[in-house]
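# Analysis of the macromolecular model
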Amino acid sequence: EVPVGLEAICKLCGSGDNEDEMLLCDACDVGMHKYCLDPPMTEIPEGDWFCPSCALAPPAWTQYGAGDTCTAEFAPDIRWIVKILEIDGPEAKVHYPGWNDRHDEPIPRKILRAPPTEEDLKNSFRSRIYTDAEREKRRQRLERAATDKRREEEEKIEKGKKR
């Protein structure tokens, strides 16, 4: 289905006509009329459809299904561990381990990546996988907090000695 406000254009004939005959690749979003394909398709398939290019080399995210645990890459440095609850076309309803189920939500299947590595698990907290830079900032924050606390305790002791 074409998002509201966008027009699908057939990659093969260049026309945006006959949208009801248009297939959109579930991997790359390219549009193709079913009658422009070689051989032509007579019906719109149920479930996922991949253009001829993506059908030859399906994207990795297509291999993950309900019950699988993998990572979701929302941005290059924002990754979460997710458990797929169900697949619904271009979306996957996911659960974030460590969170209650009210946070379960649909996300684009295209952002699903490989299952978490041992390193990912080590660097995660409540399903969020932290980058080296984020872990370093957190370490520095904790170190500053510990230093501040020591300073406060030392000041209390000094005040107690002066009395």
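Preceding this section is the structure that the text describes.
So, here is what we can say about the structure in this document. Numbers given for residues are sequential positions, taken from 1 along each chain in its written order. Predicted model: local features are reported for residues with pLDDT of at least 70 only, side-chain atom pairs are reported and counted for 80 or more only, and whole-chain, interface and lining totals are derived from all residues. Side-chain numbers come from the whole structure's heavy atoms, not from hydrogens or water.

### Section: the pattern of salt bridges
What counts as a salt bridge is simple: a side-chain nitrogen of Lys or Arg found within 4 Å of a carboxyl oxygen of Asp or Glu. With the rule as written, the count across this model stands at 11 salt bridges. Of the charged contacts, one joins E73 and R113 as a salt bridge, the two residues approaching to 3.3 Å between their closest N and O atoms. Here E73 is found in strand β3 (residues 69–75), whereas its partner R113 is found in strand β7 (residues 112–113), with 40 residues between them in sequence. With a shortest N-O distance of 2.5 Å, E136 and R139 are connected by a salt bridge. Here E136 pairs with R139, and both are found in helix α3 (residues 132–162), just three residues apart, close to one helical turn. Accessibility expressed as a relative area gives 33% for E136, which makes it partly exposed. We classify R139 as partly exposed; its relative accessible area is 38%. Each of E136, R139 and E143 takes part in salt bridges that share partners, so that together they form one network. Put simply, DSSP marks the helices as runs of H or I at least four residues long and the strands as runs of E at least two long, and each gets a number from the N terminus on. Three labels apply to residues, based on accessible area from a 1.4 Å probe with only protein chains included: buried if under 20% of the type maximum, exposed if over 50%, partly exposed otherwise in between.

### Brief notes about a positive patch on the surface
A cluster of basic side chains, namely K137, R138, R141 and R144, defines a positive patch on the protein surface. By the secondary structure assignment, R144 is in helix α3. A residue is classified by how much of its surface remains accessible, and R144, at 48% relative accessible area, is partly exposed. For patch building, the residue pool is restricted to those with more than 30% relative accessible area and no salt bridge; the joining distance is 9 Å between like charges and 5 Å between nonpolar side chains (Val, Leu, Ile, Met, Phe, Trp, Tyr). We get accessible surface area from the Shrake-Rupley algorithm with a probe of 1.4 Å; when it comes to residues, only the shown protein chains can shield them. Only four residue types enter the charge count: Lys and Arg as positive, Asp and Glu as negative, with His and the chain ends excluded. Here the site of a charge means NZ on Lys, CZ on Arg, CG on Asp, or CD on Glu.

### What to know about the nonpolar core
Side chains of a nonpolar character, in soluble globular proteins, are inclined to be buried together. Counting residues in each nonpolar core, the largest one holds 25 residues, and the members touching the most others are V82 and L112. Those elements giving two or more residues to this core turn out to be β1 (22–24), β3, β4 (78–88) and β5 (91–95). Top contributing element to this core by residue count: β4, with three residues. Within this scheme, the nonpolar core is defined by two criteria: the residues are buried Ala, Val, Leu, Ile, Met, Phe, Trp, Tyr or Cys, and they are joined through side-chain atoms within 4.5 Å.

### Side note on the side chain of H95
Mapped onto the fold, H95 is located in strand β5. A relative accessible area of 18% means that H95 is categorised as buried. Any two residues whose heavy atoms approach within 4.5 Å are treated as being in contact. For H95, the residues in contact, after removing those within four places along its chain, are I81, V82, K83, L85, N100, D101 and D104.

### Quick word on the packing of aromatic side chains
Pairing of aromatic rings covers Phe, Tyr and Trp, the last counted by its six-membered ring, and requires centre-to-centre distances within 6.5 Å; plane angles under 30 degrees mean stacked, over 60 mean edge-to-face, and any other angle means tilted. All chains considered together, the criterion is met by three aromatic pairs. Consider the rings of W80 and Y96, whose centres lie 5.4 Å apart with planes at 75 degrees: the pair is edge-to-face. With W80 in strand β4 and Y96 in the loop between β5 and β6 (105–108), the pair connects residues that are 16 residues apart, well separated along the chain. The exposure classification of W80 matches that of Y96, with both residues buried. Each ring, one from W80 and one from W99, has its centre 6.3 Å from the other, and the planes form 55 degrees; the classification is tilted. Linking W80 in strand β4 with W99 in the loop between β5 and β6, this pair joins segments that are 19 residues apart in sequence. The class of W99 is partly exposed, set by a relative accessible area of 27%. Ring pairing ties together the aromatic residues W80, Y96 and W99, which thus form one cluster. R126 extends its terminal NZ or CZ atom over the ring of W99, reaching a point 3.8 Å from the ring centre. Counted as over-ring charges are cases with an Arg CZ or a Lys NZ within 6 Å of the ring centre that also lie within 35 degrees of the ring normal.

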